[in-house]
Amino acid sequence: MLYMIEIRYTHEHRTGMLEYFWQHGTTHYEGKVTIQGAWVATQEHVAYALVKSSDDQEVEKACAPLREFGDVTIRQVTSSDEI
């Protein structure tokens with residue numbers, strides 16, 4: 001399954017959030033969640049990540065560190081039209 005992650009970060013957390021994505025890149029979290037791509041809109045203070053996993057709870061666990069940067073919304077997507 002695919003999930004779209006939206007991170008609405010605060011200005012003071014921008015650098016930390018960008019470093020987090022830089023460090024993790026397209027790596028996986030214990031083989032259960034894989035980042036397919038990430039996009040950052042620096043002027044809008046929002047970032048998106050498309051991840052793939054077969055387990056909702058693993059997606060929640062993988063997104064937990066992102067919550068320190070701002071509000072995180074996780075939404076399952078079924079086709080590229082929803083992205």
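Structure first, text after, so check above.
Numbers given for residues are sequential positions, taken from 1 along each chain in its written order. Whole-chain, interface and lining totals are the exception, using all residues; otherwise, since this is a predicted model, local features are given only for residues with pLDDT of at least 70 and side-chain atom pairs are given and counted only at 80 or more. Side-chain metrics rest on all non-hydrogen atoms present in the structure, leaving aside hydrogens and water.

K.L.:
Describe the overall build of the protein chain, listing the residues and the values that go with them.
P.N.:
The helix and strand tally for the protein chain stands at two helices and five strands. Helix and strand assignments follow DSSP, with helices taken as H or I runs no shorter than four residues and strands as E runs no shorter than two, numbered in order from the N terminus. Written out in order from the N terminus, the α and β elements of the protein chain read β-α-β-β-β-α-β. With 83 residues in all, the protein chain has 31% of them scored as buried. Long-range contacts, defined here as pairs at least 24 residues apart, represent 64% of the contacts in the protein chain between residues at least 6 apart. Each residue gets one of three labels from its accessible area relative to the maximum for its type: buried under 20%, exposed over 50%, partly exposed in between, using a 1.4 Å probe on protein chains only. Contacts were defined at the residue level, with two residues in contact if any of their heavy atoms lie within 4.5 Å.

K.L.:
Account for the pattern of salt bridges, with residues named and values stated.
P.N.:
Salt bridges are identified by distance alone: a Lys or Arg side-chain nitrogen within 4 Å of an Asp or Glu carboxyl oxygen. Inspection of every chain in the model, using the stated rule, returns three salt bridges. Close ionic contact of Arg67 with Glu60 constitutes a salt bridge, the shortest N to O distance being 3.1 Å. Residue class for Arg67 comes out partly exposed when judged on its relative accessible area of 39%.

K.L.:
Can you explain the pairing of strand β4 (residues 46–53)? Please cite residues and give values.
P.N.:
Side-chain positions along a regular strand alternate between the two faces of the sheet. In terms of residue burial, β4 counts as a mostly covered element, since six of its eight residues are buried. Bridge count for strand β3 (residues 33–41) against β4 is eight bridges, and the pairing is antiparallel. Paired with Gly37 across the strands is Leu50, a residue of β4. The criterion for strand pairing is that DSSP finds at least two bridges linking the strands in question. Turn length for the β3-β4 hairpin, with the two strands adjacent in sequence and antiparallel, is four residues, and the turn residue His45 shows positive phi of about 60°.

K.L.:
Please give an account of the nonpolar core that cites residues and values.
P.N.:
If you look at the biggest cluster of nonpolar residues, it comprises 18 residues, and the most contacted ones within it are Ile5, Ile7, Phe21, Val51, Val59 and Leu66. Taken together, the elements giving at least two residues each to this core come down to β1 (2–9), α1 (14–24), β3, β4 and α2 (56–63). Ranked by residues supplied to this core, first place goes to β1 with four residues. The residues contacting Ile7, other than those within four sequence positions of it, are Phe21, His45, Val46, Ala47, Leu66, Asp71 and Val72. Joining through side-chain atoms within 4.5 Å is the link that ties buried Ala, Val, Leu, Ile, Met, Phe, Trp, Tyr and Cys residues into a set, and such a set is a nonpolar core.

K.L.:
Got a sec to walk through the environment of His13? Specific residues and values, please.
P.N.:
Its place among the elements puts His13 in the loop between β1 and α1. Look at His13 and you get partly exposed, because its relative accessible area is 29%. With 55 residues separating them along the chain, His13 and Glu68 place their C-alpha atoms 8.3 Å apart. Here His13 is in contact with Glu68 and Phe69, once residues within four sequence places are set aside.

These figures come from the coordinates and say nothing about function on their own.
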